Amino acid sequence: MKAEYILPDSTISPKRAFPLLLIILFLVLILLGINLGEVSTVMEKAIKICLDCIGIG
Amino acid sequence: MPVLRRWIQIVSTALSNAYWMFPHTKGIYQGTLKSICAPGLNCYSCPAATGSCPLGSLQSIIAGLRPAVKAGHYHFGAYIIGTLGLIGSLVGRMPCGWLCPFGLLQELIHKIPSPKFEIPKILTYMKYLFLILFIFILPALVIDDYSYGMTWFCKFICPAGTLEAGVPLIFLKPELKELIGVLFYFKLAILFVFIVWMILSRRPFCRVACPLGAIYSFFNKHSVFRMIHDSEKCTHCRECYNNCPMGIKFYKGPNQHDCIRCLKCLNESCRFGAISYEIAGMPVIKPVEPQKSALTPP
Ligand code: SF4
Ligand code: SF4
Ligand code: SF4
């Protein structure tokens, strides 16, 4: 049996718009982080063995 | 669908831990993929890990906030918070149900036959305490002489770190054995307690202690993907609760903070068509297939 898809009406309710606003906000945050050079900071930490994670830090 | 979800969990676990050169290199993977945050909890110091752990990265950035600012680098975790927020806004806590290796481990261990116990609801709020205290406040405020903080959750709690990094690296690098102290045994004890608890209860680490699950949970009610409960069709038969890997009483409301969107309630439990989901406000209705047990009078 196939699932039945009900098409939404064309108005965008606030309930539906909120996730979109969140997506835009977090995309901006990602771009800001990349711009600030955080990607290389994440990389630097992740390629070294973390003694805290192991439990001998 | 249950088979599909299990396969996706297995493939995701394999991809998150796809560096199988470590027995030769005696070290961890250091390629560019490590700059990408994994969607689930997977320790970046695991010898096979290909991505970086969002919780470990976030704590490191917060712990190094003051020295970074002094050096003119305004790093506050925007990249990591943005990544987690983007995933959360799209699907809420779904990565916990479909992608996280530590989630899969808990589901498999829970299959071991034993008496099973429910986790008191009040304990499920502790993960927010772990998030605020161990990920943000303590790493930011407790600093050493050089203004560096510590990664408190990794250091004192995280059983995934002990299991995926601690245990294998002790075998891989025998020189680390000399550094083992009380802390290592403390973390082993935490891991042991959680493993026993996993046998007895459904996903105890996810429900009680995981700060990553806590972050995703904020988005469950506001994400593009949302669960729907039809209270008119619901008979309160509690089948959804009986089958839910997170022990959620779905009939009390959809999109509760612990719902990992595994869809077990929809596909394997509800015989009355009371459960469905919507994507961007577009309902996807799963038609009820008449089942003998639902039609036969008790
Ligand atoms: S809550 Fe569970 S499934 Fe989700 S990230 Fe944490 S360990 Fe993984
Ligand atoms: S399985 Fe369906 S009908 Fe039964 S309690 Fe849950 S939502 Fe209601
Ligand atoms: S309520 Fe349903 S979708 Fe949510 S975790 Fe439980 S079984 Fe999975």
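What comes next concerns the included structure. Keep in mind that what you see is a predicted model, and the values were worked out from it rather than measured. Per chain, the residues get numbers from 1 upward, laid out in the order the sequence is written. Here the convention is simple: chains get letters from A, ligands get numbers from 1, in the order in which they are written. In view of the model being predicted, local features appear only for residues whose pLDDT reaches at least 70, and side-chain atom pairs are presented and counted only at 80 or more, with totals across whole chains, interfaces and linings using the full set of residues. Water and hydrogen atoms were dropped before computing side-chain values, which therefore reflect all heavy atoms in the structure.

### Regarding the packing of aromatic side chains
All names here are of chain B.
Turning to step 1, where the next piece is worked out: Each pair of aromatic rings taken from Phe, Tyr and Trp, with Trp reduced to its six-membered ring, is defined by centres within 6.5 Å and is described as stacked if the planes are under 30 degrees apart, edge-to-face if over 60, and tilted in the remaining cases. In this structure the tally under the stated criterion is 14 aromatic pairs over all chains.
Turning to step 2, where the next piece is worked out: Pairing Phe-130 with Phe-153 gives two aromatic rings, centres 6.2 Å apart and planes at 75 degrees, and the pair type is edge-to-face. Of the two residues, Phe-130 is situated in helix α8 (residues 126-141) and Phe-153 in helix α9 (residues 152-156); the sequence distance between them amounts to 23 residues.
Turning to step 3, where the next piece is worked out: Taken together, a centroid distance of 5.9 Å and an interplanar angle of 80 degrees make the contact between Phe-184 and Tyr-185 edge-to-face.
Turning to step 4, where the next piece is worked out: The exposure class assigned to Phe-184 is buried, which follows from its relative accessible area of 6%.
Turning to step 5, where the next piece is worked out: Each member of the aromatic cluster is reached from another via a ring pair, and the members are Phe-102, Phe-130, Phe-134, Trp-152, Phe-153, Phe-156, Phe-194, Trp-197 and Phe-205.
Turning to step 6, where the next piece is worked out: In our convention, an over-ring charge means Lys NZ or Arg CZ found within 6 Å of a ring centre and within 35 degrees of that ring's normal. Residue placement shows Arg-202 over the ring face of Tyr-241; its charged tip is 4.9 Å from the ring centre.
Turning to step 7, where the next piece is worked out: Lys-249 extends its terminal NZ or CZ atom over the ring of Tyr-241, reaching a point 5.3 Å from the ring centre. Segments assigned H or I by DSSP are reported as helices when at least four residues long, segments assigned E as strands when at least two residues long, and all are numbered from the N terminus. For every residue, the accessible area obtained with a 1.4 Å probe (protein chains only) is divided by the maximum for its type, and the residue is called buried under 20%, exposed over 50%, and partly exposed between those limits.

### As for the environment of B:Ile87
Residue and element names in this part refer to chain B.
Turning to step 1, where the next piece is worked out: Of note, Ile-87 is situated in helix α5 (residues 78-91).
Turning to step 2, where the next piece is worked out: Assessed through its relative accessible area of 21%, Ile-87 is described here as partly exposed.
Turning to step 3, where the next piece is worked out: With 94 residues separating them along the chain, Ile-87 and Gly-181 place their C-alpha atoms 38 Å apart.

### Observations regarding α5(B)
Residue and element names in this part refer to chain B.
Turning to step 1, where the next piece is worked out: Taking 1.5 Å of rise per residue, the 14 residues of α5 would be expected to cover 20 Å, and the 20 Å separating its terminal C-alpha atoms lies within 8% of that figure.
Turning to step 2, where the next piece is worked out: By the criterion of burial, α5 is predominantly enclosed, with ten of the 14 residues buried.
Turning to step 3, where the next piece is worked out: Within α5, burial applies to Ala-78, Tyr-79, Ile-80, Gly-82, Thr-83, Leu-84, Gly-85, Leu-86, Gly-88 and Ser-89.
Turning to step 4, where the next piece is worked out: Where α5 ends, the next residue or the one after it, Gly-92, has phi of about 60 degrees, a positive value. A helix is expected to span 1.5 Å multiplied by its residue count minus one.

### Some remarks on the interface of chain A and chain B
Turning to step 1, where the next piece is worked out: Residues are treated as being in contact if the distance between any of their heavy atoms lies within 4.5 Å. Contacts between the two partners involve 40 residues from chain A, matched on the other side by 59 residues from chain B.
Turning to step 2, where the next piece is worked out: Carbon and sulfur atoms supply 73% of the area buried between chain A and chain B, which totals about 4,100 Å² over both sides.
Turning to step 3, where the next piece is worked out: A carboxyl oxygen of Asp or Glu within 4 Å of a side-chain nitrogen of Lys or Arg is what we treat as a salt bridge. At the boundary of chain A and chain B, one finds one salt bridge.
Turning to step 4, where the next piece is worked out: For B:Lys155, the salt bridge goes to A:Asp52, with nearest N and O atoms at 3.8 Å.
Turning to step 5, where the next piece is worked out: Residues adjacent in sequence count toward polar contacts only when both atoms are side-chain atoms; beyond that, a polar contact is any pair of N or O atoms within 3.5 Å, and within protein one must be able to donate a hydrogen and the other to accept it. The interface formed by chain A and chain B holds twelve residue pairs in polar contact (both at pLDDT 80 or more) in total.
Turning to step 6, where the next piece is worked out: Elements represented by at least two residues in the side of chain A that touches chain B include exactly β1 (4-5), α1 (14-35), α2 (38-46) and α3 (51-54) of chain A.
Turning to step 7, where the next piece is worked out: Among the elements that take part in the side of chain A that touches chain B, α1(A) stands out by supplying 13 residues, more than any other.
Turning to step 8, where the next piece is worked out: Its residues assigned to classes, the side of chain A that touches chain B shows 27 nonpolar, five polar and eight charged. In this description, buried area is defined as the sum, over both parts, of the accessible area (probe of 1.4 Å) that is lost when the two are combined. In this count, Pro and Cys sit with the nonpolar residues alongside Ala, Val, Leu, Ile, Met, Phe, Trp and Tyr, while Asp, Glu, Lys and Arg are called charged and the others, Gly among them, polar.

### Re the site of ligand 3
Turning to step 1, where the next piece is worked out: For this purpose, a residue is taken to be near a molecule or strand whenever a single non-hydrogen atom of the residue falls within 4 Å of it. Surrounding ligand 3, one finds B:Cys244, B:Pro245, B:Phe250, B:Cys259, B:Ile260, B:Arg261, B:Cys262, B:Leu263, B:Lys264 and B:Cys265.
Turning to step 2, where the next piece is worked out: Residue composition of the shell around ligand 3, grouped by class: eight nonpolar, no polar and two charged.

### Brief notes about the site of ligand 2
Turning to step 1, where the next piece is worked out: Around ligand 2, the surrounding shell holds 13 residues, and the nearest of these are B:Cys234, B:Cys237, B:Arg238, B:Cys240 and B:Cys270.
Turning to step 2, where the next piece is worked out: The residue inventory of the shell around ligand 2, partitioned by class, reads eight nonpolar, three polar and two charged.

### Structural notes on the pattern of salt bridges
All names here are of chain B.
Turning to step 1, where the next piece is worked out: Counted by the stated rule, this structure contains nine salt bridges over all chains.
Turning to step 2, where the next piece is worked out: For Glu-107, the salt bridge identified is with Arg-5, shortest N-O distance 2.9 Å. Taken together, the positions of Glu-107 in helix α7 (residues 101-109) and Arg-5 in helix α1 (residues 2-16) put the pair 102 residues apart, joining distant regions of the chain. Taken individually, Glu-107 and Arg-5 each receive the classification buried, so the pair is uniform in this respect.
Turning to step 3, where the next piece is worked out: Where Arg-202 meets Glu-118, a salt bridge forms, and the shortest distance between an N and an O atom there is 3.0 Å. Linking Arg-202 in the loop between α11 (182-200) and α12 (204-209) with Glu-118 in the loop between α7 and α8, this pair joins segments that are 84 residues apart in sequence.
Turning to step 4, where the next piece is worked out: Residue Glu-118 is classed as partly exposed on the basis of its relative accessible area, which comes to 34%.

Coordinates in, geometry out; function isn't part of it.
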